Each structure stands twice: as C-alpha cells, then as structure tokens.
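In case you want the letters, here they are:
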Amino acid sequence: QVQLAESGGGLVQAGGSLRLSCAASGSIFRMNAMGWYRQAPGKQRELVAHITSGGGTNYADSAKGRFTISRGNAKNTVYLEMNSLKPEDTAVYYCNAELARTPSSGWVNYWGQGTQVTVSS
C-alpha cells in the first residue's frame, strides 16, 4: 500500500500565503516525479506544478512567479509554497506521485485525498 498525506490547506485572504505539504509512505522502492494538481468546482483537474526526481520543475502559467514547488530531503515529500494568492486559486489541491513499488515494477501514479484551499476576496 502507498499513501499520500497532504496538509496545509485552509482559508486565507487574497494576497496571503499558504504552504502545502505531501508525504508519501508505504511500500515504495523508488520515487520519480511528484506534483500538485487542483480542481475547482465545475472544472477539470489541472496541473499546478511538477518536479522531477532530478529537481526539474514545471509550472502552470497561472502559478508562475507566485508558487514554488520543492522536494524534501527524504525525496518522498513535496511542498508547494503559494504566495500572492487570488480568489481564483480556490480549489481542492491534490498531491500526485509517480513511483515504483518494486525493482521490477513500472512507474505508477498515486493521488492524495486532496486539501481544500479557499482564498477570500
């Protein structure tokens, strides 16, 4: 079993900041890329930020300059620092991890349960 546990969501005023955390646990042989996605009511889930095992990053245009994704020293954790938050950032934020559970298994995607971020105007 693999679990992704997210934390750090909440209610914040526009212009404020939040830091999301995600820790992967369980039977993990090797962790590859990790990322954050979000889904607002009535909209499709979309990529917010992505980080490879080597530290390469990719951001949605809406996140560039305001959000920073990083990985912890343990490599099974990922963070999303969100600054200058806007009401349109309101969504459920999901952690995603691409990992292998055994030396012979391929990469498989796992998702967290999501954490609510609400930005008030």
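In this text the structure is predicted, and so the values were computed from the model without any measurement.

1. Here's the deal with the environment of Arg45
Part 1 of the argument: Relative to the assigned elements, Arg45 resides in the loop between β4 (30–39) and β5 (46–51).
Part 2 of the argument: C-alpha of Arg45 to C-alpha of Gly114: the two residues are 69 residues apart in sequence and 11 Å apart in space.
Part 3 of the argument: Setting aside residues up to four positions removed in sequence, Arg45 forms contacts with Tyr37, Arg38, Gln39, Tyr94 and Trp111.

2. Remarks on the sheet that holds strand β1 (residues 2–7)
Part 1 of the argument: The strand order across the open sheet built from four strands is β1-β3-β8-β7, with neighbouring strands paired in antiparallel fashion. Strands at the two margins of the open sheet, each flanked by one partner only, are β1 and β7 (67–71). Geometrically, the sheet is characterised by an average inter-axis angle of 15 degrees between neighbouring strands, direction not taken into account.
Part 2 of the argument: Of the strand pairs in this sheet, β1 and strand β3 (residues 18–26) are connected by six bridges, and their pairing is antiparallel. Residue pairing for β3: Gln3 is matched across the bridge by Ser25.

Rules behind the numbers
- Residues numbered from 1 in each chain as written.
- Predicted model: local features only at pLDDT ≥ 70, side-chain atom pairs only at ≥ 80, totals over all residues.
- Heavy atoms only, no water.
- Helix = DSSP H or I, 4+ residues; strand = E, 2+ residues; numbered from the N terminus.
- Contact = heavy atoms within 4.5 Å.
- Pairing = 2+ DSSP bridges.
- Axes fitted to C-alpha atoms, helices over the stretch in contact; angles between N-to-C directions.

Read these as geometric descriptors, not functional statements.
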